[in-house]
Amino acid sequence: CAVIFTRLATRDLRKPISILFCNLAVSDLFTSFSGFWISMLFITDPDITIFGSRDMLAPYALYTTSILSTIYNLVSIGIERYLAVAESMRTRFRVARTHSIAVVVVNWALAFSLGCLPLLGWHCLRAGRSTSVLYSPFCVNYLVFVTLPNVVVAFLVPLFTYLRIIVILRKRKLRMQACGQAAGTYRSAETQVARTSISIWLLALVSYAPFFAGVIFDATNRRCHADLYPGVYVFRNCTAILITITCLGNPLLYTLRLRELGAKMKALRCLWAGRVRACAI
């Protein structure tokens, strides 16, 4: 919410990357909301979150959609940053505001089309053996179909883009040093990108790897719900907590750096004080 508020209030959405940042915040907000919905269902009726029910289809579908949207936004931000750094090398293409809006629309369309498949009939309310143990009434084949390619995309594409950014910055630094010029800017930029990319990778690894392992366990498991209670469901809840931590970590990594946030809040406070003073006059 803080990301969305600061971007809208400071009218920072003219930049293509700001649109992607704001959309990432919206995805994280939906993830938190759907996770809260599932938690409330667990509090009121724990059995339906373990053995499955039609009431779980909608919150699980929203949860899946929001997680997919977050993954696609993270991938889009990595690609946009790569194109921005490589802009001087590839002057034929430049990311514009319309491109970012189109990417946002495509990301949400793809996330909704994949996340809402259980609502359209791909569920296991009457199936039996193919029912997911961790996420009933989802089908195991649906979870594998959604999880495997998206986890690969979430890990490989940011790895490629941020490594390419570091390589480009290092080449420019070496080129400037060969010409006898100072390369402190590129050195600091390379260090900052390396730190950010490592943080992004560690956050993604800690957050999505247990969920991925849970889906693999779900696909290879042959035991029923009662045999796995309660240990497996404690693990499932821990994976949900880790995904929520991702929603809290994304703003800190991408947008809410303390200096920038403090400067924007100060500007908003001055703008609000100026308006109040003008109204009083």
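This one's a predicted model, so the numbers in the text were calculated from it and none came from an experiment.

Draft legend 1. Up close: the overall build of the protein. A tally of helices and strands in the protein yields 10 helices and zero strands. Each helix and strand of the protein, placed in order from N terminus to C terminus, yields the pattern α-α-α-α-α-α-α-α-α-α. Across the 281 residues that make up the protein, the buried fraction comes to 42%. The contacts of the protein with a sequence gap of at least 6 include a subset with a gap of at least 24, amounting to 76%. On the protein, roughly 15600 Å² of surface is accessible, and the fraction owed to carbon and sulfur atoms is 68%.

Draft legend 2. Focus on unusual backbone geometry. Note the cis peptide between S136 and P137, where omega equals 10°. Mapped onto the fold, P137 is located in the loop between α5 (97-115) and α6 (140-178).

Draft legend 3. Summary view of the nonpolar core. Core analysis: the biggest nonpolar cluster contains 34 residues, and Y135 and F138 have the highest contact counts within it. Here this core takes seven residues from helix α4 (residues 57-85), the largest share from any one element. In this structure, Y135 is in contact with Y60, L143, F211, D218, R236 and T239, ignoring residues within four places of it in sequence. Grouped together as the second largest cluster of nonpolar side chains are 19 residues, I19, F21, L24 and L203 included.

Draft legend 4. Focus on the environment of C247. Among the structural elements, C247 can be located in helix α9 (residues 231-254). A relative accessible area of 7% places C247 in the buried class. For C247, the contacting residues outside a window of four places in its chain are D28, T31 and S32.

Draft legend 5. Highlighting the environment of T220. When you line up the elements, T220 lands in helix α7 (residues 184-220). By relative accessible area, which is 56% here, T220 ends up exposed.

Draft legend 6. Expanded view of the UniProt feature "transmembrane region" (unreviewed entry) in the protein. Under the feature "transmembrane region" (unreviewed entry), the UniProt entry names residues 17-40, 60-79, 100-122, 142-167, 198-217 and 233-256. For the annotated span residues 142-167, helix accounts for 100% and strand for 0% of the residues, and the straight-line distance between the end C-alpha atoms is 38 Å.

Draft legend 7. Representation of the layout of surface pockets in the model. Of the pockets and cavities examined, the second largest pocket occupies roughly 310 Å³. Partitioned by chemical class, the residues of the lining of the second largest pocket number 10 nonpolar, eight polar and one charged.

Draft legend 8. Geometry of α5. The end-to-end C-alpha distance of α5, which contains 19 residues, comes to 27 Å, matching closely the 27 Å that a straight helix rising 1.5 Å per residue would cover. Within α5 the residues assigned to the buried category are S100, V104, N107, W108, A111, L114 and G115. Looking straight down α5, one finds its buried side chains confined to an arc of 140°; they lie on one side. Relative to its buried face, α5 has exposed residues pointing more than 90 degrees away, namely T98, V105 and V106.

Draft legend 9. A look at the packing of aromatic side chains. Summed over all chains, the structure comprises nine aromatic pairs. Ring geometry for W122 versus Y142: centroids 5.3 Å apart, planes at 70°, classification edge-to-face. Within this pair, whereas W122 is found in the loop between α5 and α6, its partner Y142 is found in helix α6, the two being separated by 20 residues in sequence. Using a relative accessible area of 29% as the deciding quantity, one classes W122 as partly exposed. With a centroid separation of 5.5 Å and 40° between ring planes, the pair formed by W122 and F145 is classed as tilted. Residue W122 is found in the loop between α5 and α6, and its partner F145 is found in helix α6; the two are separated by 23 residues along the sequence. Owing to a relative accessible area of 43%, F145 belongs among the partly exposed residues under this scheme. Aromatic ring contacts, followed pair by pair, group Y60, W122, Y135, F138, Y142, F145 and F211 into a single cluster.

Conventions adopted
- Residues numbered from 1 in each chain as written.
- Predicted model: local features only at pLDDT ≥ 70, side-chain atom pairs only at ≥ 80, totals over all residues.
- Heavy atoms only, no water.
- Helix = DSSP H or I, 4+ residues; strand = E, 2+ residues; numbered from the N terminus.
- Buried < 20%, exposed > 50% of the residue type's maximum accessible area, 1.4 Å probe, protein only.
- Contact = heavy atoms within 4.5 Å.
- Areas by Shrake-Rupley, 256 points an atom, 1.4 Å probe, with all protein chains shown as cover.
- Core = buried A, V, L, I, M, F, W, Y, C linked by side-chain atoms within 4.5 Å.
- UniProt positions renumbered as here; feature names shortened; annotations may be inferred.
- 1 Å grid on protein atoms, 1.4 Å probe; cavity = no way out; pocket = protein on both sides within 12 Å on 5 of 7 lines; lining within 4 Å.
- Points joined across faces, edges and corners; volume = space filled by probe spheres on them.
- Nonpolar A, V, L, I, M, F, W, Y, C, P; charged D, E, K, R; others polar.
- Expected span 1.5 Å × (residues − 1).
- Arc of directions from axis to C-beta.
- Phe/Tyr/Trp six-rings, centres within 6.5 Å; stacked < 30°, edge-to-face > 60°.

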